[in-house]
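# Chain and residue survey
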Amino acid sequence: MAARITASVYTSHVPAIGAALDSGKSHEPYWQHVFKGYDYGKQWMKDNKPDVIFLVYNDHATAFSLDMIPTFAIGTAASYQPADEGYGARPVPVVQGHPELASHIAQSVIQQDFDLTIVNKMDVDHGLTVPLSLMCGQQDPTTGSWPCPVIPFAVNVVQYPVPSGQRCYNLGKAIRKAVESYDEDLNVHIWGTGGMSHQLQGPRAGLINREWDNAFLDRLIADPAGQAAVPHIDYVREAGSEGIELVMWLIARGAMNDKPPVVKQRFYHVPASNTAVGHLILENSK
Ligand code: DHB
Ligand code: FE
């Protein structure tokens, strides 16, 4: 038996969502609109519990700072502490890793000519913990735990030059091959996170582009190869400077099989903090 990827999950990672959860504000009407889009996903996670989550996200100058900026970094550690991003660490459980599968993926993907940085120690910021909270609900930081081990995969979308959508999509295919060559019966989910349209600074701060976001979702589902060919400048012009985070979704999509996926959930909401929230759950067709 080999490991296999059965599904992919996509979601924004707005830090204010984590703050709302951590400060008990999730019942407020403003946040209710956001969280109701994840009710389905929370149940789906329980009904389809993976053995491992391969979580593609971006670090926001937290673990790496601007001193060292790996383009693609794979976490091979046994565990990861939630990072202190200036307000103390989020009160969420430690993230357990999967060093054996992560090392295997590193070996396979590097041999497929993608130069990954191997990370044996790092803290994980809102880019990773907010998606986990959205999909798994709040967990007690000491007595609780996330449902399964997580392999963090950090992508530089903060400091240019950043990788293209095409490279991300091709990397996803290499990750799929790597997982499928791991000699253990594991059900793996791959998550693509960040986005959707947002711009946090400058004269265009607050930019939201509903039409473009929804066209991105349509195309990610039905024509990922076409979406992979879209250049950076389109993301930045249409979806704002931080809209570039969306290239990470192409890694998860590239890791799916070549048949049309089954769309289990699609959600879009504006606003949450300064951003548009998007969320998809895609299952691989047999
Ligand atoms: C916001 C969104 C982000 O993706 C981020 O990393 C920081 C802030 C925001 O909407 O405020
Ligand atoms: Fe971000």
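All values reported here derive from a predicted model rather than from experimental measurement. (Residues numbered from 1 in each chain as written. Chains lettered and ligands numbered in written order. Predicted model: local features only at pLDDT ≥ 70, side-chain atom pairs only at ≥ 80, totals over all residues. Heavy atoms only, no water.)

## Considerations on helix α1 (residues 15–22)
- Within the span of α1, buried status applies to I17, G18, A20 and L21. The buried residues of α1 all sit within an arc of 160° when viewed along its axis, so they share a single face.
- Packing partners of the buried residues in α1 comprise α2 (29–35), α5 (126–136) and β11 (275–283).
- One or two positions beyond α1, positive phi appears at G24, with a value near 70°. (Buried < 20%, exposed > 50% of the residue type's maximum accessible area, 1.4 Å probe, protein only. Helix = DSSP H or I, 4+ residues; strand = E, 2+ residues; numbered from the N terminus. Arc of directions from axis to C-beta. Contact = heavy atoms within 4.5 Å.)

## Describing unusual backbone geometry
- The step from Y160 to P161 runs through a cis peptide bond, and the omega angle for that step is 5°.
- Within the fold, P161 resides in the loop between β8 (150–155) and α6 (165–180).
- Cis geometry marks the peptide bond from G195 to M196, where omega comes out at -5°.
- Its location among the elements puts M196 in the loop between β9 (187–193) and α7 (210–222).
- Its identity is not glycine, yet S65 carries a phi of approximately 55°, on the positive side.
- You can see S65 is positioned in the loop between β2 (52–57) and β3 (72–75).
- The class for S65 is partly exposed, based on a relative accessible area of 26%.
- Not every positive phi belongs to a glycine, and D113 is a case in point at roughly 75°.
- Locating D113 in the fold gives a position in the loop between α4 (99–111) and β6 (117–119).

## A closer look at the site of ligand 1
- H13, V14, P15, H60, H126, H198, L200, E245, S273, N274 and T275 make up every residue found near ligand 1.
- In the environment of ligand 1, an oxygen atom lies 2.7 Å from a nitrogen or oxygen atom belonging to the side chain of H60.
- Expressed as a share of its isolated accessible area of 300 Å², the protein-covered part of ligand 1 is 88%.
- Within the shell around ligand 1, the residues separate by chemical class into 3 nonpolar, 7 polar and 1 charged. (Near = heavy atom within 4 Å. Polar contact = N/O pair within 3.5 Å; in protein donor to acceptor, adjacent residues only side chain to side chain. Areas by Shrake-Rupley, 256 points an atom, 1.4 Å probe, with all protein chains shown as cover. Nonpolar A, V, L, I, M, F, W, Y, C, P; charged D, E, K, R; others polar.)

## Section: the nonpolar core
- Membership of the largest hydrophobic core comes to 56 residues, with the highest contact counts inside it found for F54 and F153.
- When residues in this core are grouped by element, the largest group, 7 residues, is from α6.
- Residues within four places of F54 in sequence aside, it is in contact with I74, I105, I151, F153, I175, V188, H189, I190 and W191.
- Ranked by size, the runner-up nonpolar core spans 39 residues in total, among them W31, W44, F64 and A77. (Core = buried A, V, L, I, M, F, W, Y, C linked by side-chain atoms within 4.5 Å.)

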